[in-house]
Amino acid sequence: MPDRRAIVNPVKGKKPPETGRFAIIAATETDLRLLARLAEPPVVEQRKLYMSSLQVHANDQQRFTLVGPLVGAPYAAMIVESLGVWGVQKILFVGWCGAVSRRVKAGDIIVPDSAMVDEGTSGHYCDPSCRVALPSRPLVHQARKALQHHGAEFHDGAVWTTDAIFRETVEKVKHYQAKGALAVEMELSAILTVAGFREMEAAGILVVSDDLSDYQWRPGFKTPAFKSARESACQAALTMIRC
């Protein structure tokens, strides 16, 4: 068996943040601000984490962490590694994605039940031949229940995680359509793989921001449906902390 011990490992540091057990990772700055605005417990600690912001929210009943923004699988892995060494045990990723299936459109919400690996980070944490990353089933169940609590409709299914946003070719889209992917994004499979490697739970809620299902790009970032779905996703994420 190969020696899988790493030379460089995540460290707590001299003054690690008191993160709590649950962290929400927001892919975008706009969702990070929205989560912070909707959160009931106040910010009790804030610091930089690499190129992101880390906010600890706490009161007598709750303590949790918000982190973001981030982009891409390698950077997502760094964030998960740091959160893990500080004591986070559950991670929910709130991100945006592009529709691949014609069943979804901008403003829809997806709760992924798997993420197809088309990025280079996951292979460093699992067998390189592994092509699918799986979320925590209990967290997926909680995400569904939380969205239902807020009256939000959503899709269940697989997503495709890629490293290269500008290399989503017609051939690739057709390939992942044939495999049943609902949408494409850039972080989730790595988040799930790293979390599994570190014995953490992780899941995601994705909001469809654009559409390439018919091999033309149609942005939906400014639609009222997209704005409403983002708010529902963030409300559901915060509801999960209370479960």
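Since this is a predicted model, take the numbers as computed values, not measurements.

Undergrad: Could you clarify how one ought to interpret the pairing of strand β2 (residues 43-49) in this entry?
TA: Regular strands have side chains that alternate between both faces of the sheet. In this sheet, strand β3 (residues 52-58) lies alongside β2 in antiparallel orientation, the contact comprising six bridges. Considered in β3, the bridge of Gln 46 is made with Gln 55. In textbook terms, the turn of a hairpin is the stretch between consecutive antiparallel strands, and for β2 and β3 this stretch comprises two residues, one of which, Tyr 50, has a positive phi near 55°.

Undergrad: Sorry, what's going on with the side chain of Glu 185 here?
TA: Among the structural elements, Glu 185 can be located in strand β9 (residues 181-185). Although Glu 185 is buried, it forms no salt bridge, and the closest oppositely charged side chain is Arg 131 at an N-O distance of 12 Å. Polar side-chain contacts of Glu 185 include one of 2.8 Å to the backbone nitrogen of Glu 187. Here the side chain of Glu 185 touches Leu 188 through a polar contact of 2.9 Å, landing on its backbone nitrogen. Not counting residues within four places of it along the chain, the set of residues in contact with Glu 185 comprises Phe 93, Trp 96, Cys 97, Val 159, Trp 160, Thr 161, Thr 162 and Leu 206.

Undergrad: Can you walk me through the packing of helix α3 (residues 137-149) against helix α6 (residues 224-241) in this structure?
TA: Think of two packed helices as two axes; the pair is described by the angle between the axes and how far apart they sit. Look at α3 against α6: their axes get within 8 Å of each other, and the N-to-C directions meet at 125°. As summarised for this structure, α3 and α6 are arranged oblique, according to the angle between their axes. In the crossing of α3 with α6, the sense of the turn from one axis to the other is right-handed. Facing α3, whose interface residues are Leu 139, Gln 142, Ala 143, Ala 146, Leu 147 and His 149, α6 presents Ser 232, Ala 233, Ala 236, Thr 239 and Met 240. Along the lines of polarity and charge, the residues of the contact of α3 with α6 split into seven nonpolar, four polar and no charged.

Undergrad: Explanation requested: unusual backbone geometry in the structure shown.
TA: Note: most peptide bonds trans; most residues except glycine with negative phi. Here Gly 68 and Pro 69 are connected by a cis peptide whose omega angle stands at -10°. Within the secondary structure, Pro 69 is located in the loop between β4 (63-68) and α2 (73-85). Even without glycine at this site, Glu 199 takes up a positive phi of about 60°. Summarising the element assignment, Glu 199 is placed in the loop between α5 (188-197) and β10 (201-211). The class for Glu 199 is exposed, based on a relative accessible area of 75%.

Undergrad: Sorry, what's going on with the environment of Pro 135 here?
TA: Mapping Pro 135 onto the fold places it in the loop between β7 (132-133) and α3. It is 29 Å that separates the C-alpha atoms of Pro 135 and Pro 224, two residues lying 89 residues apart in sequence. Setting aside residues no more than four positions away along its own chain, Pro 135 makes contact with Pro 112, Asp 113, Ser 114, Val 140, Leu 192, Ala 202 and Ala 203.

Undergrad: When you look at the pattern of salt bridges in this model, what are you seeing that I'm missing?
TA: Note on pairing: side chains with opposite charge can pair once their charged atoms come close. Summed over all chains, the structure comprises nine salt bridges. Of the charged contacts, one joins Glu 29 and Arg 33 as a salt bridge, the two residues approaching to 3.8 Å between their closest N and O atoms. Taken together, the positions of Glu 29 and Arg 33, both in helix α1 (residues 29-38) and four residues apart, correspond to about one turn of that helix. Given the relative accessible area of 35%, Glu 29 is considered partly exposed. The salt bridge involving Asp 156 is made with Arg 144; its shortest N-O contact spans 2.8 Å.

Undergrad: Which parts of the structure should I look at to understand the pairing of β10?
TA: Within β10, 10 of the 11 residues are buried, which leaves it mostly tucked inside the rest of the structure. In terms of strand pairing, strand β5 (residues 90-99) meets β10 through 10 bridges, oriented parallel. Looking across to β10, one finds that Gly 95 is bridged to Leu 206. Bridge count between strand β6 (residues 109-118) and β10: two bridges; the pairing is antiparallel. Note on β10: the bridge partner recorded for Ile 109 is Val 207. As defined by bridge partners, β10 adjoins strand β11 (residues 218-219) across two bridges and the pair is classed as antiparallel. Note on β11: the bridge partner recorded for Asp 210 is Pro 219. In this antiparallel pair of consecutive strands, β10 and β11, the connection spans six residues, and Tyr 215 shows a positive phi of 75°.

About the thresholds
Residues numbered from 1 in each chain as written. Predicted model: local features only at pLDDT ≥ 70, side-chain atom pairs only at ≥ 80, totals over all residues. Heavy atoms only, no water. Pairing = 2+ DSSP bridges. Helix = DSSP H or I, 4+ residues; strand = E, 2+ residues; numbered from the N terminus. Buried < 20%, exposed > 50% of the residue type's maximum accessible area, 1.4 Å probe, protein only. Lys, Arg positive; Asp, Glu negative; His and termini not counted. Salt bridge = Lys/Arg side-chain N within 4 Å of Asp/Glu carboxyl O. Polar contact = N/O pair within 3.5 Å; in protein donor to acceptor, adjacent residues only side chain to side chain. Contact = heavy atoms within 4.5 Å. Axes fitted to C-alpha atoms, helices over the stretch in contact; angles between N-to-C directions. Parallel < 35°, antiparallel > 145°, perpendicular 65-115°, else oblique. Left-handed = near helix turned anticlockwise from the far one by under 90°. Nonpolar A, V, L, I, M, F, W, Y, C, P; charged D, E, K, R; others polar.

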